[in-house]
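Tertiary structure, described
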Amino acid sequence: MSVQEQSSEEPGGAPTEEPAPAGAHPRSLAEDLRARDDSSLSALLRARPDLITPVPTDLTQLATRAGTRASVIRALERLDRFTLQTAEALAVAPEPAPYGTLQDLLAGDAGDPAVVEALPRAVAVLREQALVWGSDDRLRLVRTARELLAPSPQHPSPTGLGPTVAEATTGMSPGRIQELLTAAGLPTTHDAVSAVESLTGLFTDRARMSALLDQAPPDSLEVLSRLVWGPPYGQVTADPATRLRWLIDRGLLLPTAPGTVVLPREVALHLREGRAHQRTEPLPPPVEPTSVHRPQVVDSTAAGQAYTALATVEELLKDWDEGGPSVLRAGGLSVRDLKRTAVALDVPEPVAAFWVELAYAAGLLATDGEADERYAATPAYDEWLELPAAERWTRLATAWLSATRTAGVVGGRDTKERTLAALGPGLDRSAAPEVRHRVLTLLAALPEGGSTSADALVARLHWERALRGAASSDDLRSRIARWTLTEAESLGITGRGALSAHGRALMGAPPGAPAPAPATGPGDKLPVHHRHTHHPVPAPEPRSPAEVASAAALAGRLLAPLLPEPLDHVLLQADLTAVAPGPLRRPLADVLDVLADVESKGGATVYRFTPGSVRRALDAGRSASDLQAFLAAHSRTPVPQPLAYLIDDVARRHGHLRIGAASAYVRCDDDAVLNEIVADKRAQGLRLRRLAPTVLAAQADPATLLEGLRAMGFAPAAESAEGDVLITRALAHRTPPRTAPEPVPDGPPSPDTILLGAAIRAIRAGDLASTAPRKPSASASGSADSGSGSGSGSSGGGRNGTLPRTTAAETLATMQAAVLTGGTLWIGYVNAEGSASQRVIAPVRVEGGFVTAYDHTADEVRTYPLHRVTGVAELADDQA
């Protein structure tokens, strides 16, 4: 590697190199980037947003950052399998590698036509992401990527290839190398270097190599066949068997350590017929529909699930209205509370965890922040309840799409072997939104009403993110993909495994038409020199809040006609039940939830009236006449006599006993009732004693006394210290205002167009300042730190690391001359905080100790105090 290459790929490398002459091969990644246009740089920064945080000062710093280990690993992780295989082939190819050599490594001697056609796109992607640079006859892999992908004993190459002959013979005695030549039938040479070249030439010559292997014993060929696809290392004894000795003597196996031999890369490639990989995958696995349903069936099924999702979330939060489960000390729900929630919702525990996490992600559920911290509904839940059903659904669906909290990992273990709890820490998986988006996009690419298997989707995801998706079907991305299918069905985004019309709209796809699948492979012909091709599997472009809101509104409009219309009536029956033939409007549903208990759910909900439920309504402040009138107004059938009697009977006894705080007391105008209570064995735990004919005192608190007497069949009412009846109202407990949890991003966010444009202008200007030739100033000839070289401050990148230095008189004269001639100057500048930088300016006016100039670095007109300018240097005529 040349000095220039080293400086462009290593942090803290050598100073910036001079630009390469026009038409010459780039000598470094920085020079390669310098030759790119703005659209190519935009594509690079969009594909690798970590390179723009913070904005590099010039192209040399951009190239340095693009070669850092962390950034290269992130870029490799986002490559599809064939593009990654292309990079792996370049890592084992000689450097620099002509395009033809790379094609041979991937297509083999037979020249796989699919590989030949797909390779230009893969090379274009690697170039676009600055992982490969150079012209087609001198392709170079960024050094960090080569170190990561090249074979070594500690880190075997994914290709299964071993070291080259030259690498494997390093340290071998010259005499031993000459012996290898003689045994292979080659003439000896005068030095070890030429001997290695001669042996390499034999192994890379197809005809001569075939002739040599024709002489090999069958047992020796069998040894080679076991090593050919990797791993290339094997163990031998101090006295190898004959079949191994034949290979070792001819250099077909080379010793790397005592007792260890390796198959040289050139030999393996000959045995593989030139292929670097046993199986090259230029095309993604197809995602074919396994079944196709009528779109109307899919939409109606999904709408039914959407309605069930709304009902489930409402039921969950109603159960927690008066204060839900306690928060664990480490955060989250206890296993016992999750089980109770699952029983209340009549679902398995993993499904209960999903609904709890969904309500939390939508901002409907949070902790109350009190000393005895509990979970409860938020004020946003009350606002959510007032929305139309379709809008409530879109709130849940959009929250699920962008959430990084992943309910599927609940019950698993973290890195410290602690159990992951629902609503607890450690549930964020930054890849979740991307995987969900990709799974639904693949479903949208199927024919309308088409569904596919989870295995087909997982196989496609493995191909699209080869490093992140391991060969195992149990890696995180695979599990998220399978959870996505289940959760999308539960939410009503899909129906019968196919994407619904409102699901398509939510994803931003045109209604009634499948989303276009990303182009990959034979149908997309691109020239070899194309550098600005989009990645065949692009990361989803971030949608603006306005676009998300527009898509959600369209999805809601499509879903609304499919949801059942809320009803304002029920059917009262003589067996003390009420049947709601569909969803009820909010006021009716709220009253019935207090007045009756839900007995069964489904297409129709059955409510049952009991003495306890009627007492609950009376406790909430309703009178018997209010309840009778309400039921008569909202029933399509007359109020049955048994129900009327039940209400009147409970109301007659309600409040006959009064409970207050002494520790607690019971008072009643009828002393016979108090006698009955005292005589009842069930009252022994309350430890009652008579204070007066109409008053009993208890050592239990009022709440316990209330519950105890109600369990005995009485209907007591609580009263205040003034003797007034206390009314217990439902829906009383809410948390303070809370915001929904923010998703944890998977690396830096993708920059928008405005930021990209500003960043590229700043990088170009900084690069101009660091590379443009300067005219020497009058004081430069005798000064060691003059501006004859490119200076650099904290934001610069000069060739000798210094700012230009001129006297105040020289600075003023040069500025004034540039105003008259329209020239461009390079200046050193120190701001008020003492931070030094270099800038390229075109002075417009000099007066009052200030210079007003167009600053190429900032791309705007600015005014600078002359006393903060360290010096000036004119740009050379060809750069001015």
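Let me sum up the structure you'll find in this document. Because the structure is predicted, anything quoted here is derived from the model rather than measured.

Re the overall build of the protein chain
Looking only at helices and strands, the protein chain has 34 helices and 25 strands in total. Burial analysis of the protein chain (880 residues in total) assigns 49% to the buried set. Residue pairs in contact within the protein chain that sit at least 24 positions apart in sequence constitute 66% of those at least 6 positions apart. Working note: accessible area of the protein chain is about 39,400 Å², and carbon and sulfur atoms make up 55% of it.

Section: the packing of helix 11 (residues 174-183) against helix 12 (residues 192-204)
Where helix 11 contacts helix 12, the axes come no closer than 10 Å and their chain directions differ by 30°. When the axes of helix 11 and helix 12 are compared, the pair comes out roughly parallel. Between helix 11 and helix 12 lies a crossing of left-handed hand. Seen from helix 11, the contacting residues are Pro174, Ile177, Gln178, Leu180 and Leu181; seen from helix 12, they are Ala192, Ala195, Val196, Ser198 and Leu199.

Topic: the pattern of salt bridges
As enumerated under the stated definition, the model contains 37 salt bridges in all. With a shortest N-O distance of 3.9 Å, Glu434 and Arg78 are connected by a salt bridge. Here the residue Glu434 occupies a position in helix 22 (residues 432-444), and Arg78 occupies one in the loop between helix 5 (69-77) and helix 6 (81-92), the gap between them amounting to 356 residues. For Glu434, a relative accessible area of 13% corresponds to the buried category. Classification of Arg78 as buried rests on a relative accessible area of 16%.

As for the packing of aromatic side chains
How two aromatic rings sit relative to each other is given by the distance of their centres and the angle of their planes. Tallied over the full model, the rule gives 4 aromatic pairs. Against the face of Trp384 rests Arg392, its NZ or CZ located 5.5 Å from the ring centre. Note that Arg622 overlies the ring of Phe630, its terminal NZ or CZ placed 5.7 Å from the centroid.

Here we look at the nonpolar core
The tendency in soluble globular proteins is for nonpolar side chains to be buried as a group. Formed by 70 residues in total, the largest nonpolar core has its most connected members in Phe82, Leu102, Leu141, Leu199, Phe203, Leu252 and Leu253. Apart from the residues within four sequence positions on either side, Leu102 is in contact with Thr86, Ala89, Leu90, Leu119, Val123 and Leu139.

Considering helix 30 (residues 641-653)
Look at helix 30: 19 Å from first C-alpha to last across 13 residues, which is about the 18 Å you get at 1.5 Å a residue. Buried within helix 30 we find Leu643, Ala644, Leu646, Ile647 and Val650. Projected down its long axis, helix 30 carries its buried residues within an arc of 160°, all on one side. Exposed residues on helix 30 whose side chains face more than 90 degrees from its buried face are Gln641, Tyr645 and Arg652. Residues of helix 30 that are buried in the fold lie against strand 12 (571-573), helix 28 (611-619) and helix 29 (624-634).

Parameters and conventions
Residues numbered from 1 in each chain as written. Predicted model: local features only at pLDDT ≥ 70, side-chain atom pairs only at ≥ 80, totals over all residues. Heavy atoms only, no water. Helix = DSSP H or I, 4+ residues; strand = E, 2+ residues; numbered from the N terminus. Buried < 20%, exposed > 50% of the residue type's maximum accessible area, 1.4 Å probe, protein only. Contact = heavy atoms within 4.5 Å. Areas by Shrake-Rupley, 256 points an atom, 1.4 Å probe, with all protein chains shown as cover. Axes fitted to C-alpha atoms, helices over the stretch in contact; angles between N-to-C directions. Parallel < 35°, antiparallel > 145°, perpendicular 65-115°, else oblique. Left-handed = near helix turned anticlockwise from the far one by under 90°. Salt bridge = Lys/Arg side-chain N within 4 Å of Asp/Glu carboxyl O. Phe/Tyr/Trp six-rings, centres within 6.5 Å; stacked < 30°, edge-to-face > 60°. Lys NZ or Arg CZ within 6 Å of the ring centre and 35° of its normal. Core = buried A, V, L, I, M, F, W, Y, C linked by side-chain atoms within 4.5 Å. Expected span 1.5 Å × (residues − 1). Arc of directions from axis to C-beta.

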